[in-house]
Structure formats: structure tokens, C-alpha cells
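# Geometric and topological summary
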Amino acid sequence: METLIKEAVKLIKKSDYTTAFTGAGISVESGIPPFRGEKGLWNKYDPQVLDIHYFYSNPKESWTVIKEIFYDFFDEAKPNFAHIGLAKLEKQEKLKAIITQNIDNLHQEAGSKIVHEFHGNSKQLICTSCKFKAHASTVNLNKAPVLCPECNHLLKPDFIFFGEGIPSHAYQNSIEAAQKSKVMLVIGTTGEVMPACHMPVVAKQSEAIIIEINPEKSKFTSSITDIFLQGKASEIMKEIINNL
Ligand code: APR
């Protein structure tokens, strides 16, 4: 592993456009369970709670589970060294952008500035009728369904549900960053969810070197990954930062 880390560090040092593509795995060591795998949320909850049609037809049931998964869990989660390490790389001008599938805001809380949120962010709620926006901490989430304080219609977390389109600004910025990538760090993702998982493929097609960090193999490992650093995100990131 030592040699692979040194090789990865050499490539990051040489690259003038390095990006990171992150998934739920980067936040596991912050106490947020992944969606898939043995401790995955989808083993415990039915993914339909995140289906947009289900949300509108069963707002009470959907909001009850959404609060449990994304608000009770997320509130005490803090950035771990993987998030902090990426923020350090950005500060040292060795990382240009993060494309994240995560909605937990931990990259921003670690200090990263350029974060393209492919699936939105759970911290903000938006009214499905008058478009009023509220920070999740300012609304009483204990009463499901959560209603707009302005017009009393349904409030929705401002993240992307299954069946919804990707925010165009996030999609455009992500494609651009992937196309410019010379090196892309792919951290903590199964690579199962389209169109997000197409970003590392776009980077690869633009001749980027793909450095993957994951304790397990993913859909990328045997297809586009050039260097597979098998391990936990915070431990591997610590090694990379210490060798820079
Ligand atoms: N460090 C790095 N990776 C880890 C760690 C860790 N400590 N622990 C687990 N992983 C890896 C797992 O091996 C797996 O590959 O994180 C990945 C988690 O996979 P998923 O739960 O499928 O997360 P992700 O790929 O981000 O899911 C994509 O699916 O449900 C939707 O919208 C949701 O954004 C999410 C999307």
C-alpha cells in the first residue's frame, strides 16, 4: 500500500487539475451510515421514502422516515479527516473541486469551498408551493408532515429525490470539473447511481487518472480505476496528506 500511496501523492503533486468525487462512504467515519452494504440504510428503510411521487402521496410517512434518517442522524455528525484532508488539499491549491453525491454538508463544514452538490443539501427546506426557503434548524421537524410557516403547504428537503432531475447548475459544474480533471480522487462510493456515477467516467474519458479510495471494490474498481487505495477514507487521506 505504501508504494501505491507514494504513487498517488506523486500524481497529485504533478497534476494541475485534481478533483474529488465523493459518496456516502466518506461520511461513514462521521457516524452517517452508507446507503448500501451490510450496514446500509436501504437494508433498514425502503428507498421509496425518497421517491418523489411517494413523498407527495404519503407526506406524513415519508417525512417521519426522512427526519429519522437525515436529521436525527446528521445533526451530530462532524467532518472526519477525509473531509478535512480534501479541504487542506484545496487550501494548498492541490484540489480544484469536489463533486459530491452527499447531502450532509460535511465538506463545507470541513472548510471546502468549491463543492458541487449533485444531490442537493439536506440543511435547506423549500416550500412545494410558495418556494419559501428555510434552514432545517429553524423548522419544527417533529410534526410530520412538515409544513411551510408562510403558506402552510408541504415543505420538502432541498435534496434530490429519486425521480427528480439533477439541479442544472450542479450538473453543468460537475461535468466541467470532470472534463478538466487530470487526476480524480473517487472516494467512498459504490458507483451505482446514475447520472452521478457518470462523472468519474467523464473524467476517465478526458484522460484523467482515477485514484479510488474504498475499503471494498466498487463498480469503478475493475473498469476505470487506475490506483485502488483499499481502506477507510480518513486513514488513506491521512497517509496522502502526510506524504505530500
Ligand atoms: N471509507 C471509504 N469508503 C467507505 C467507508 C469508509 N470508511 N465505509 C464504506 N465505504 C464505501 C462502501 O464500500 C461503498 O462503496 O462507501 C460506499 C457506500 O456506497 P453507497 O451507500 O451506495 O453510497 P453512494 O455510492 O454514495 O450512493 C449513491 O445512492 O441512495 C442514493 O442518493 C443516494 O447519494 C446516494 C447515492
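Residues numbered from 1 in each chain as written. Predicted model: local features only at pLDDT ≥ 70, side-chain atom pairs only at ≥ 80, totals over all residues. Heavy atoms only, no water.

## Description of the environment of His 119
Within the fold, His 119 resides in the loop between β3 (115-117) and β4 (120-127). With 18 residues separating them in the primary sequence, His 119 and Gln 101 have C-alpha atoms 5.5 Å apart. With sequence-adjacent residues up to four places away left out, His 119 is seen in contact with Thr 100, Gln 101, Ile 103, Phe 159, Ile 160, Ile 166, Val 193 and Ala 196. (Helix = DSSP H or I, 4+ residues; strand = E, 2+ residues; numbered from the N terminus. Contact = heavy atoms within 4.5 Å.)

## Concerning the sheet that holds strand β9 (residues 227-230)
Sheets are built from strands paired through backbone hydrogen bonds, the pairs being either parallel or antiparallel. The sheet built from six strands is open, its strands ordered β3-β2-β1-β7-β8-β9 with parallel pairing. Whereas interior strands pair on both sides, the edge strands pair on one side only; in this sheet they are β3 and β9. Averaged over neighbouring strand pairs, the angle between their axes works out to 20° when direction is ignored. Docked against the sheet, helix α7 (residues 168-180) engages β1 (18-22), β2 (97-100), β3 and β7 (183-187), running at close to 130° with respect to β3. Helix α8 (residues 198-205) rests against β1, β2, β7 and β8 (209-214) of the sheet, and its axis sits at about 155° to β7. (Pairing = 2+ DSSP bridges. Axes fitted to C-alpha atoms, helices over the stretch in contact; angles between N-to-C directions.)

## Looking at the domain arrangement of the protein
One widely used convention gives an interface's size as the accessible area the parts lose upon coming together. Segmentation of the protein into domains returns domain 1 (1-32 + 79-119 + 165-244) and domain 2 (34-76 + 122-159). Each of domain 1 and domain 2 was reduced to a C-alpha centroid, and the two centroids are 27 Å apart. Of the residues lining the interface, twelve residues belong to domain 1; the matching set on domain 2 comes to nine residues. Carbon and sulfur atoms make up 70% of the area that domain 1 and domain 2 hide from each other, which totals about 900 Å². On the domain 1 side of the interface with domain 2, the three residues burying the most area are Ala 24, Ile 32 and Ile 103, jointly 49% of the side's total. Between the two partners, domain 1 and domain 2, sit one salt bridge. Among the salt bridges present, the one from Arg 36 reaches Glu 192, with a minimum N-O distance of 3.7 Å. Counting the contacts that link domain 1 with domain 2 gives one residue pair in polar contact (both at pLDDT 80 or more). (Domains from an automatic or database assignment. Buried area = accessible area lost by both parts, 1.4 Å probe. Salt bridge = Lys/Arg side-chain N within 4 Å of Asp/Glu carboxyl O. Polar contact = N/O pair within 3.5 Å; in protein donor to acceptor, adjacent residues only side chain to side chain.)

## Observations concerning the sheet that holds strand β5 (residues 133-135)
With respect to topology, three strands assemble into an open sheet ordered β5-β4-β6, the strand pairing being antiparallel. Only two strands of the sheet have a single neighbouring strand rather than two, namely β5 and β6 (155-159). The sheet shows a mean angle of 40° between the axes of neighbouring strands, taken without regard to direction. Strand contacts of helix α4 (residues 59-75): β4 and β6, with the helix running at about 50° to β6, the strand carrying the most contacts.

## Side note on unusual backbone geometry
Across the junction of Ala 144 and Pro 145, the peptide omega takes the value 0°, indicating a cis bond. Among the structural elements, Pro 145 can be located in the loop between β5 and β6. Residue Pro 195 follows Met 194 across a cis peptide bond; omega there is -5°. The phi dihedral of Glu 93 is positive, around 55°, even though this residue is not glycine. By secondary structure assignment, the location of Glu 93 is in the loop between α5 (81-91) and β2. Overall, the relative accessible area of 72% leaves Glu 93 in the exposed class. Positive phi outside glycine occurs at Glu 207, with the angle close to 65°. Tracing the backbone through its elements, the reader meets Glu 207 in the loop between α8 and β8. According to the relative accessible area criterion, Glu 207 is exposed, its value standing at 69%. (Buried < 20%, exposed > 50% of the residue type's maximum accessible area, 1.4 Å probe, protein only.)

## Quick look at the site of the ligand
Around the ligand, a shell composed of 21 residues is seen, among which Phe 35, Arg 36, Thr 189, Thr 190 and Asn 214 lie nearest. In the model, an oxygen atom of the ligand is placed 3.2 Å from a nitrogen or oxygen of the Gln 101 main chain. With the chains in place, 93% of the 730 Å² that the ligand exposes on its own is no longer accessible. With respect to the pocket detection grid, the ligand is positioned in the largest pocket. Here the residues of the shell around the ligand are counted per class, giving nine nonpolar, eight polar and four charged. Here the shell around the ligand spans two domains, and each of domain 1 (1-32 + 79-119 + 165-244) and domain 2 (34-76 + 122-159) adds at least three residues to it. (Near = heavy atom within 4 Å. Areas by Shrake-Rupley, 256 points an atom, 1.4 Å probe, with all protein chains shown as cover. 1 Å grid on protein atoms, 1.4 Å probe; cavity = no way out; pocket = protein on both sides within 12 Å on 5 of 7 lines; lining within 4 Å. Sits in = over half its atoms within 2 Å of the grid points. Nonpolar A, V, L, I, M, F, W, Y, C, P; charged D, E, K, R; others polar.)

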